[in-house]
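# Close look at the chain arrangement
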Amino acid sequence: MTTRCATDNTKALDAFMTTKFQIDAMLARLTALSDDHFEAHPDEINWGDVGSLNHYASLLRQITDSAFKEGEHAA
């Protein structure tokens, strides 16, 4: 039988929760920006706006693929 030493993970838990709160804040800001249509006005949309939005989507896809083990991160 192997005996495991109890470890104090308080610092790791604090760091984890700090980062989680930072992510939650970023997601809330992104949601608000999305609700405002990324500050784009329908009469003023141009291909630069499309490119910027596609870039944001690409970066978010990298994150979701990694988090959910999809795309290039699939098993």
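See the structure printed just above.
Presented here is a report on the structure given in the accompanying data block.

Cut-offs and rules
Residues numbered from 1 in each chain as written. Predicted model: local features only at pLDDT ≥ 70, side-chain atom pairs only at ≥ 80, totals over all residues. Heavy atoms only, no water. Patch = residues over 30% accessible without salt bridge, like charges linked within 9 Å, V, L, I, M, F, W, Y side chains within 5 Å. Areas by Shrake-Rupley, 256 points an atom, 1.4 Å probe, with all protein chains shown as cover. Salt bridge = Lys/Arg side-chain N within 4 Å of Asp/Glu carboxyl O. Helix = DSSP H or I, 4+ residues; strand = E, 2+ residues; numbered from the N terminus. Buried < 20%, exposed > 50% of the residue type's maximum accessible area, 1.4 Å probe, protein only.

### Thoughts on a nonpolar patch on the surface
On the surface, Ile23, Met26, Leu27, Leu30, Phe38, Leu53, Tyr56, Leu60 and Ile63 cluster together into a nonpolar patch covering about 790 Å² of accessible area. Of all the secondary-structure elements, those providing two or more residues to the nonpolar patch are α1 (10-35) and α2 (47-68). Tracing the sequence through the fold places Leu60 in helix α2.

### Describing the pattern of salt bridges
In this structure the tally under the stated criterion is 1 salt bridge. Ionic pairing is found between Asp24 and Lys20, a salt bridge with its closest N-O pair at 2.5 Å. Here Asp24 and its partner Lys20 are both found in helix α1, 4 residues apart, which amounts to about one turn of the helix. Residue Lys20 is classed as partly exposed on the basis of its relative accessible area, which comes to 34%.

### Some thoughts on the environment of Gln22
Secondary-structure assignment places Gln22 in helix α1. For Gln22, a relative accessible area of 46% gives the class partly exposed. When the C-alpha atoms of Gln22 and Gly51 are compared, they prove to be 26 Å apart, with 29 residues separating the residues in sequence.

### Brief notes about the environment of Leu13
Looking at where Leu13 falls in the secondary structure, it is placed in helix α1. Of the residues examined, Leu13 reaches a relative accessible area of 45% and is grouped as partly exposed. In sequence terms Leu13 and Asp65 are 52 residues apart; their C-alpha atoms lie 24 Å from each other.

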